[in-house]
Amino acid sequence: MLDLQDMSALERRLSQRAPSMRLTRHASMADYTTLRLGGPADLMAEPADEAQLRVALESAADMGVPVTLMGRGSNLLVLDGGIRGLVIRLCGVMNSVEVDGCILRTGAGALLSSAALAAAEKGLAGLAFAGGIPGTVGGGIYMNAGAYGGELGQATERVEGLTMAGEPFAYTAEEMAFSHRRTRLMEENAVVTRVTFRLAEGDREAILAEMADLKRRRAEKQPLQQPSAGSTFKRPANGYASALIDQCGLKGLRVGGAQVSEKHAGFLVNLGGTAADFLQLMAQVQRAVYDRTGIWLEPEVRIVGEDAPALGV
Ligand SMILES: Cc1cc2nc3c(=O)[nH]c(=O)nc-3n(C[C@H](O)[C@H](O)[C@H](O)COP(=O)(O)OP(=O)(O)OC[C@H]3O[C@@H](n4cnc5c(N)ncnc54)[C@H](O)[C@@H]3O)c2cc1C
């Protein structure tokens, strides 16, 4: 267990060095994730700019406080015991979106929907697929988010950021090593601050119509009215996770308040449960699919934080 005195010391230091940075003690992660689950983070910082982000990273590194990074929280399963140390949240901050010819530059905290819409409004093609992905540009770049045949890596020219020690870096698309839902950042644990996309001239009305069509298709297939983190499992080498789960008759399977969506078997939805319910349901789905098909489903959601301590009597 982290010493809470340390967090007070870190909070004081951050308030002194970046007085306008938003800090929240014991931030309930259920309020900051689309799954609406998870215990409190010891301290959450929402830096307004790169200078504040650097202060947060350097101070935490100096004081030996672990850092967890998040964007919109749309791919996170935070455990019931919450997150020890400092959570840095880049969502709705560092969120500029600028178009210059065929180049779109965004801050990491911009929503993918805002970036995709800004491109479409200027008649730029290449990001329409991302309009319905409910995360930030930073969170999307981290794992090369994609949908309907498109992936962010295909449109990316340059990714800038800071290492966990606060040192700047810049990668070309090639250096990012984008592959299916993977990038080098998943090994390096660095913070994306800005992304440059190179798009193609297109027809504004046609791009907006494509985005509206994809939005309609999502609403038809996905349980968008219920809290979820999107697809819970990665696409296996052969087939789709949702089809395998459906074939095994697992739609509607429930553990506590966690359920395999009745509408889309790839989504696990929160009907008022705990992270522990989700972990159990995920394990049941993995086992059942493996027993029937021999395919082991790997989680796509990022599981962070720690289990709630067992209550002693
Ligand atoms: C209804 C629904 C539909 C979805 N549909 C899709 C889909 O079609 N395609 C798809 O790919 N995903 C989909 N998702 C999942 C999710 O939206 C994406 O994975 C998204 O890219 C996550 O972004 P985020 O900002 O929410 O990141 P978070 O969930 O906050 O974080 C995810 C990971 O990214 C890291 N991260 C966040 N910000 C940064 C940063 N600035 N620098 C470095 N690392 C960072 C975090 O540390 C964490 O490991 C869906 C989710 C939901 C709820």
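Residues numbered from 1 in each chain as written. Predicted model: local features only at pLDDT ≥ 70, side-chain atom pairs only at ≥ 80, totals over all residues.

### Focus on the domain arrangement of the chain
Each domain of the chain was delimited in the assignment, giving domain 1 (7-89), domain 2 (97-208) and domain 3 (224-304). Computed over C-alpha atoms, the centres of domain 2 and domain 3 are 27 Å apart. (Domains from an automatic or database assignment.)

### Focus on the site of the ligand
Around the ligand lies a shell of 32 residues, among which Gly 71, Gly 135, Gly 138, Gly 139 and Gly 230 are the nearest. If you list the elements that add at least two residues to the shell around the ligand, you get strand 3 (67-70), helix 4 (137-142), strand 9 (146-147), strand 13 (191-198) and strand 15 (228-231). In terms of residue count, the dominant contributor to the shell around the ligand is helix 4 (4 residues). (Near = placed C-beta within 6 Å. Helix = DSSP H or I, 4+ residues; strand = E, 2+ residues; numbered from the N terminus.)

### Looking at the sheet that holds strand 2 (residues 40-46)
Within the open sheet, the 4 strands sit side by side as 1-2-5-3. Their pairing is mixed. Looking at the sheet topology across the chains shown, the edges are occupied by strand 1 (22-28) and strand 3. Direction aside, neighbouring strands of the sheet carry axes that sit 30° apart on average. In terms of strand pairing, strand 2 meets strand 5 (residues 83-89) through 4 bridges, oriented parallel. What sits directly across from Ala 45, in strand 5, is Ile 88. Sheet strands touched by helix 2 (residues 50-63): strand 2, strand 3 and strand 5. Its angle to strand 5, the strand with the most contacts, is close to 160°. (Pairing = 2+ DSSP bridges. Axes fitted to C-alpha atoms, helices over the stretch in contact; angles between N-to-C directions. Contact = placed C-beta atoms within 7 Å.)

### A word on the nonpolar core
By size, the foremost hydrophobic cluster in this structure holds 87 residues, and its most contacted members are Leu 77, Val 78, Leu 86, Ala 116 and Leu 127. The dominant element in this core, judged by the number of residues it contributes, is helix 10 (residues 275-293), at 6 residues. The contact partners of Leu 127, leaving out residues within four places of it in the chain, are Ala 115, Ala 116, Ala 119, Ala 155, Phe 197 and Leu 199. (Core = buried A, V, L, I, M, F, W, Y, C linked by C-beta atoms within 7 Å. Buried ≥ 20, exposed ≤ 12 C-beta atoms within 10 Å, placed from the backbone.)

### Some remarks on the pairing of strand 5
Most of strand 5 sits inside the fold, with 5 of its 7 residues counted as buried. Where strand 3 meets strand 5, 4 bridges bridge the pair, whose relative direction is parallel. By the bridge assignment for strand 5, Leu 69 is matched with Ile 88.

### Re the environment of Glu 201
Take Glu 201: it is sitting in strand 14 (residues 200-201). The class for Glu 201 is exposed, based on 10 C-beta atoms found within 10 Å. For Glu 201 and Phe 178, which are 23 residues apart along the polypeptide, the C-alpha to C-alpha distance reads 23 Å. With residues up to four places along the chain from it excluded, the contact list for Glu 201 reads Cys 102, Gly 123 and Leu 124.

### Quick word on unusual backbone geometry
The residue Arg 181 is not glycine, and still its phi comes out positive at about 50°. Locating Arg 181 in the fold gives a position in the loop between helix 6 (173-176) and helix 7 (185-188). In this structure Arg 181 comes out as partly exposed when scored by C-beta crowding, with 17 C-beta atoms within 10 Å. At Asn 189, a residue that is not glycine, the phi angle is positive and equals roughly 60°. Here Asn 189 lies in the loop between helix 7 and strand 13.

### Here we look at the environment of Asn 270
With respect to the helices and strands, Asn 270 occurs in strand 18 (residues 267-270). Exposure remark for Asn 270: the 24 C-beta atoms within 10 Å place this residue in the buried category. For Asn 270 and Leu 23, which are 247 residues apart along the polypeptide, the C-alpha to C-alpha distance reads 28 Å. Those residues in contact with Asn 270 that lie beyond four places of it in its chain are Leu 35, Arg 36, Leu 37, Gln 226, Pro 227, Ser 228, Gly 257 and Ala 258.

### As for the sheet that holds strand 18
Sheet strands associate in pairs through backbone hydrogen bonding, adopting either a parallel or an antiparallel arrangement. Across the sheet, 4 strands lie side by side as 15-18-17-16; this open sheet has antiparallel pairing. If you trace the sheet from one side to the other, it starts and ends with strand 15 and strand 16 (254-255), each paired once. Pairing analysis gives 3 bridges linking strand 17 (residues 258-260) to strand 18, with the strands arranged antiparallel. Within strand 18, the residue paired with Gln 259 across the bridge is Val 269.

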